[in-house]
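Each chain, written out:
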Amino acid sequence: MRILIVGSGGREHTLAWKIAQSPRAEKVFVTPGNDGLAEVAEPVTIKAGGIEDLADWAEKNRIDFTVVGPEVPLALGIADVFARRGLPLFGPSQVAACLEASKVFAKEIMAKYSVPTAPFRVFDNAEAAKEYIRSRKEPLVIKADGLAAGKGVILPESIREAEKAIYQLMEEKIYGDAGNRVVIEDRLSGEEVSLLAVTDGKTILPLLPAQDHKRAGEGDQGPNTGGMGAYAPASILTPELLATTTTRILEPVIQGMSKEGHPYTGVLYAGLMLTKNGPEVVEFNVRFGDPETQVILPLLQTDLVEVISAVLAGKLDEVSLSWRQGAAACVVLASAGYPGPYQTGQKITGLQEAAALEDFLIFHAGTERKDGIWRTSGGRVLNLVGIGATIPEALEKAYRGAELIHFSGCYYRRDIGWRELQRLQAGTK
Ligand code: AMP
Ligand code: GLY
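Notes on the structure follow. What you see is a predicted model; the values in this text were computed from it and never measured.

Conventions adopted
- Residues numbered from 1 in each chain as written.
- Chains lettered and ligands numbered in written order.
- Predicted model: local features only at pLDDT ≥ 70, side-chain atom pairs only at ≥ 80, totals over all residues.
- Heavy atoms only, no water.
- Helix = DSSP H or I, 4+ residues; strand = E, 2+ residues; numbered from the N terminus.
- Rg over C-alpha atoms; globule rule 2.2 N^0.38 Å.
- Buried < 20%, exposed > 50% of the residue type's maximum accessible area, 1.4 Å probe, protein only.
- Contact = heavy atoms within 4.5 Å.
- Areas by Shrake-Rupley, 256 points an atom, 1.4 Å probe, with all protein chains shown as cover.
- Lys, Arg positive; Asp, Glu negative; His and termini not counted.
- Charge placed at Lys NZ, Arg CZ, Asp CG, Glu CD.
- Axes fitted to C-alpha atoms, helices over the stretch in contact; angles between N-to-C directions.
- Parallel < 35°, antiparallel > 145°, perpendicular 65-115°, else oblique.
- Left-handed = near helix turned anticlockwise from the far one by under 90°.
- Core = buried A, V, L, I, M, F, W, Y, C linked by side-chain atoms within 4.5 Å.
- Near = heavy atom within 4 Å.
- Polar contact = N/O pair within 3.5 Å; in protein donor to acceptor, adjacent residues only side chain to side chain.
- Nonpolar A, V, L, I, M, F, W, Y, C, P; charged D, E, K, R; others polar.
- Pairing = 2+ DSSP bridges.
- Phe/Tyr/Trp six-rings, centres within 6.5 Å; stacked < 30°, edge-to-face > 60°.
- Lys NZ or Arg CZ within 6 Å of the ring centre and 35° of its normal.

Focus on the overall build of the protein chain
Stage number 1. Within the protein chain, the regular secondary structure consists of 14 helices and 23 strands.
Stage number 2. Here the protein chain has a C-alpha radius of gyration of 21 Å; the compact-globule value for 429 residues is 22 Å, and the two agree.
Stage number 3. Taken over the C-alpha atoms alone, the protein chain extends approximately 60 × 50 × 45 Å along its principal axes.
Stage number 4. Out of the 429 residues in the protein chain, the part that is buried amounts to 57%.
Stage number 5. Intrachain contacts of the protein chain at a sequence separation of at least 6 include 69% that bridge at least 24 residues.
Stage number 6. Counting only carbon and sulfur atoms, one obtains 49% of the accessible surface of the protein chain, whose full area is about 18300 Å².
Stage number 7. If you average the places of the 46 positive and of the 54 negative side-chain charges in the protein chain, the two averages end up 2 Å apart.

Right under this line is the structure:
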């Protein structure tokens, strides 16, 4: 099979790495890809890079199926365009992608199908939103309706801050039309966990639960980032909680989307908060998580091409997933300043030494290679993944690799998996 992956980061490198292992994969392309994944797939620049251009390229290059990494092409309707042209693609339709692209849509689906999530109100008027905020004493969360590159969620510390957020989103429009409407919801408390599930719209196969680390600083402090690390499996989502999540969240949403006439296919990412009332949804993503994918796929033993082919054929009921025993942990090496402004073009050393380590994988996120020299080209530069019998072992392997790799301004969190480590410690006392 000839397979095309859309995207350019560590998640796409991981997808390419896993897909390339399939005996059915003859050739894997990633567009635009990155230099670091060239070992497993061919990065291709598709001129213009619009959705029709991608479809033209896929057709001309006899691509058997396409996998989409990021949410933006899905929200723009890449699945619909490919479907119209008879090109198989793994990912939801434009309307189904609204589970991520519109917080209002997602909340309304959840309300309609009784999926546990924070109580909410929708506003398209800034004054009304502010009035509502003043009428509530409890901590709230304000969310821009549309996509805002992960920045559209605000957890205000005071009424003043909440009003300011409304002003910025709805009047200043710092995220453009994404702020035409806002969701204001009650703040939940509990530990967060990511549960991804593959589905053909009928059968739902959950992947291993993972936990990511969105904040830049240790102890989960500091600004939000695209993700500074992750680990799997996250034991906080016990088999009982997984069963509850499947029956109370995944099934009603997937079945609900079918009832709405917009069957959901691809991978659905449920961002959960484990509250004292059980798992509740804080967000849906309509794609693989980044960096969760970097720790989930290395543990998947089943051929991903088989899984995707089954989804495309509507025969996911014929597949079961098997997992390698043990755990995986990912540490993200980032450029100084990230998620704020950062420098690029810094020389990276030690990649070769690190690559020789056992049970250790390097997925490139923001690198480029010129004249044989690796340099940084992004905020999140490298994803270092350790695999071990236990989470502490996996972490140790990831950090061993981190010690070997250097570039000017490199920083990374040293406390990836701290919640799991705390649990382990508490359990052994
Ligand atoms: P989202 O983009 O919807 O995932 O929101 C980003 C982050 O904001 C989540 O990962 C949570 O940490 C936090 N968050 C979102 N909604 C809530 C909520 N209702 N209560 C508490 N925290 C929330
Ligand atoms: N890890 C968060 C995300 O993929 O959105």
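Details of the packing of helix H7 (residues 126–135) against helix H8 (residues 159–172)
Stage number 1. Where H7 meets H8, the axes come as close as 10 Å, and the angle between the chain directions of the two elements is 165 degrees. It follows from the interaxial angle that H7 and H8 lie roughly antiparallel. Judged by the twist between their axes, the crossing of H7 over H8 is right-handed. Across the interface between the two elements, Ala-126, Ala-129, Lys-130, Ile-133 and Arg-134 from H7 touch Ile-159, Ala-162, Glu-163, Ile-166, Tyr-167, Met-170 and Glu-171 from H8.

Description of unusual backbone geometry
Stage number 1. Following Ala-232, the chain continues into Pro-233 via a peptide bond in cis, with omega recorded as -5 degrees.
Stage number 2. Among the structural elements, Pro-233 can be located in the loop between strand E15 (229–232) and helix H9 (239–259).
Stage number 3. Here the bond from Asp-290 into Pro-291 is cis, since omega is 15 degrees, no more than 30 degrees from zero.
Stage number 4. With phi around 55 degrees, Asp-220 is a residue other than glycine that occupies positive phi space.
Stage number 5. As for its placement among the helices and strands, Asp-220 is situated in the loop between strand E13 (215–217) and strand E14 (221–224).
Stage number 6. Taking the relative accessible area as the measure of exposure, Asp-220 reaches 15% and is therefore buried.

Some thoughts on the nonpolar core
Considering soluble globular proteins, one finds that nonpolar side chains tend to be buried as a cluster.
Stage number 1. Counting 71 residues, the largest nonpolar core has Leu-99, Phe-284, Leu-333, Leu-382 and Ile-405 as its most contacted members.
Stage number 2. Here this core takes 6 residues from helix H13 (residues 391–404), the largest share from any one element.
Stage number 3. Beyond its immediate stretch of four places on either side in the chain, Leu-99 contacts Phe-105, Ala-106, Ile-109, Val-253, Met-257, Tyr-264, Leu-268, Phe-284 and Val-286.

Considerations on the site of ligand 2
Stage number 1. What surrounds ligand 2 is the set Asp-212, Tyr-269, Asn-285, Arg-287, Gly-289, Asp-290 and Glu-292.
Stage number 2. A distance of 2.7 Å is found between a nitrogen atom of ligand 2 and a side-chain nitrogen or oxygen belonging to Asp-212.
Stage number 3. Here a nitrogen atom of ligand 2 sits 2.7 Å away from a polar atom, N or O, in the side chain of Glu-292.
Stage number 4. Here the residues of the shell around ligand 2 sort into 1 nonpolar, 2 polar and 4 charged.

Brief notes about the sheet that holds strand E17 (residues 278–285)
Paired through their backbone hydrogen bonds, the strands of a sheet run either parallel or antiparallel.
Stage number 1. The strand order E11-E10-E16-E17 describes an open sheet built from 4 strands, whose pairing is antiparallel. Strand pairing shows two members of the sheet lacking a second neighbour, strand E11 (204–206) and E17, which therefore form its edges. Taking the axes of each pair of neighbouring strands and ignoring which way they run, one obtains an average angle of 35 degrees across the sheet.
Stage number 2. Where strand E10 (residues 191–199) meets strand E16 (residues 266–275), 9 bridges bridge the pair, whose relative direction is antiparallel. What sits directly across from Glu-192, in E16, is Met-273.

A look at the packing of aromatic side chains
For any two aromatic rings, the description comes down to two numbers: the centre-to-centre distance and the angle of the planes.
Stage number 1. Taken as a whole and assessed by the stated rule, the structure comprises 6 aromatic pairs.
Stage number 2. Ring centres 5.1 Å apart and planes at 80 degrees place the aromatic pair Phe-29 and Trp-57 in the edge-to-face group. One end of the pair, Phe-29, is in strand E2 (residues 27–32); the other, Trp-57, is in helix H2 (residues 51–60), and 28 residues separate them in sequence.
Stage number 3. A relative accessible area of 15% means that Trp-57 is categorised as buried.
Stage number 4. One residue, Arg-287, lies across the ring of Tyr-269, its end atom 6.0 Å from the ring centre.
Stage number 5. Arg-414 extends its terminal NZ or CZ atom over the ring of Tyr-412, reaching a point 4.2 Å from the ring centre.

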